[in-house]
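The residues making up each chain are set out below.
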Amino acid sequence: MTQDCNKSCMTQNNSWALLIPAVLAAMVVAMAGSLASCSGGRSEVQAGGPTITVGVATVTKKSLGRQITLSSELVPFQEIDVYAKESGYVKKLMVDYGTRVKAGEVMAILEIPELEAQLQEDLAEIKNATNQVSRAQHELERDQAQYNALHLQYTRLKGVFESQPGIVAQQEVDDAQGKDLAASSQVDAGQAALEAAQSQLSVARAKLSHDQSLFDYSKITAPFPGIVTERYANLGTLVQAGTGSSTQAMPIVKLSQDDLFRLVIPVPESYVRYIHIGDPVDVRVPSLNKTFPGKVARFSVDVKESTRTMHTEVDVANPQRVLLPGLYADAELHLDQRENIPSVPVQALNHQGERTTVFVVPSNGTIEERTVEVGIQTSSDAEIVSGLSDGEQVVVSDHSGLKSGTKVHAQVVAVPEYHEGNAP
């Protein structure tokens, strides 16, 4: 019985001795798969002797692009306080809070008695100058007629004197010549008087035009289409001209252009090289739960030393007047976008100075280190310009201990993707 017991114990011990290595091997394989799945394939595990299990990913074509999200407030494309050009009383006020106006539309009319009186005076001066021109014209015509008669008389006497000597005395010819010259001088004087009268008329008309231009400023018009967001004056309010240095000048209304908005965003220095005029921008307004299309319209082309950012403006169209000034918005800029390009996870890259390599695992399982040229690179993927072909597998797990010629067991793993959040 003791011998049977000993045999039984020996049999059980032999079974455990045979089972333990198998169990340990299974545990190692399980742990290798678990670690490769949990850590993104960054661990390497000895499996079955010298063969190493590595996590790999396949070279695939995808769209890559850098993105950055910046936050700011929406402001009207144009917003101004509308002042009066000339001082006066508000005679009519056609707008109020929320009134929409077109470019050139009259918003208010001022009463300016001084300019009205000045216009009447200018009209009187023009009438007087016109009469002076008419009188000078008539006098010139009279002088011209006298000159023509005297000149004709002189010409005839001179002709007779020269053709038939002795018939006409020299004295008569000289007297006729003197009258002819005097009449010619009178014509010149009349012409000068006419020109002076015409100049005076031009001055009077210019003064009327100047005063009329000032009086036209009594009509306050909208310089661009928009909406009135503030009203500062009422009927009868005396408003001072906004052109002087007086601190008493008060605007009549505030006008905002609301069919187009600006989103002023500070682009960090590291992203400045990616900004181009016309780049598309997705503008999301959380309070409206809507996204609007925009584009980079202008930037300052310099980086502020205090913030290390570049002033950039995004234009956002607002044809439906949904957007309002002051709303908080997130601008998502798509930087250096590429479509359908070969790419690998960034974990596959080995950087050795200016040289970049990857470990390629062919079908025979023998590692090959290959130099590649990298293009655009995001936080998760990198474009492969040359050195790899579609469908090839590259190591994305831990590269320590790996080298060309190493025999490995390739296991495809899912590499987590990382997305850039809001820039500081």
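The following paragraphs examine the structure supplied in this document. (Residues numbered from 1 in each chain as written. Predicted model: local features only at pLDDT ≥ 70, side-chain atom pairs only at ≥ 80, totals over all residues. Heavy atoms only, no water.)

## A short note on the layout of surface pockets
And step 1. The space that makes up the second largest pocket amounts to roughly 170 Å³.
And step 2. Taken together, 13 residues form the lining of the second largest pocket, with A57, K62, P345, D381 and V415 sitting closest to its centre.
And step 3. Secondary-structure elements contributing two or more residues to the lining of the second largest pocket are β2 (52–58), β3 (60–76) and β16 (328–345).
And step 4. With three residues, β16 is the largest single contributor of residues to the lining of the second largest pocket. (1 Å grid on protein atoms, 1.4 Å probe; cavity = no way out; pocket = protein on both sides within 12 Å on 5 of 7 lines; lining within 4 Å. Points joined across faces, edges and corners; volume = space filled by probe spheres on them. Helix = DSSP H or I, 4+ residues; strand = E, 2+ residues; numbered from the N terminus.)

## Topic: the pattern of salt bridges
And step 1. In total, this model carries 14 salt bridges according to the counting rule given.
And step 2. A salt bridge links R321 to D258; its shortest N-O distance comes to 3.5 Å. A residue pair is termed long-range when its members are at least 10 positions apart, and R321 in the loop between β15 (309–317) and β16 and D258 in the loop between β11 (253–256) and β12 (260–268) qualify at 63 residues.
And step 3. Taking relative accessible area as the criterion, D258 reaches 8% and is therefore assigned buried.
And step 4. The residue E313 makes a salt bridge to R262 at a minimum N-O spacing of 2.5 Å. Placement of the pair is E313 in strand β15 and R262 in strand β12, with a sequence separation of 51 residues. Each member of the pair E313 and R262 is classed as buried. (Salt bridge = Lys/Arg side-chain N within 4 Å of Asp/Glu carboxyl O. Buried < 20%, exposed > 50% of the residue type's maximum accessible area, 1.4 Å probe, protein only.)

## Examining the sheet that holds strand β8 (residues 219–221)
And step 1. In spatial order, the strands read β8-β7-β5-β10; together these four strands make up an open sheet with antiparallel pairing. For this open sheet the edge positions go to β8 and β10 (238–239), each flanked by a neighbour on one side alone.
And step 2. Relative to β8, strand β7 (residues 106–111) is paired through three bridges, and the arrangement is antiparallel. Paired with V106 across the two strands is T221, which belongs to β8. (Pairing = 2+ DSSP bridges.)

## Some words on the sheet that holds strand β6 (residues 100–101)
And step 1. Strand order in the open sheet formed by four strands is β4-β11-β9-β6, with antiparallel pairing between adjacent strands. At either end of the open sheet lies a strand with only one pairing partner, and these are β4 (79–82) and β6.
And step 2. The pairing of β6 with strand β9 (residues 226–231) spans two bridges and is antiparallel. For V101, the partnering residue across the bridge sits in β9 and is G226.

Just distances and angles here, no functional claims.
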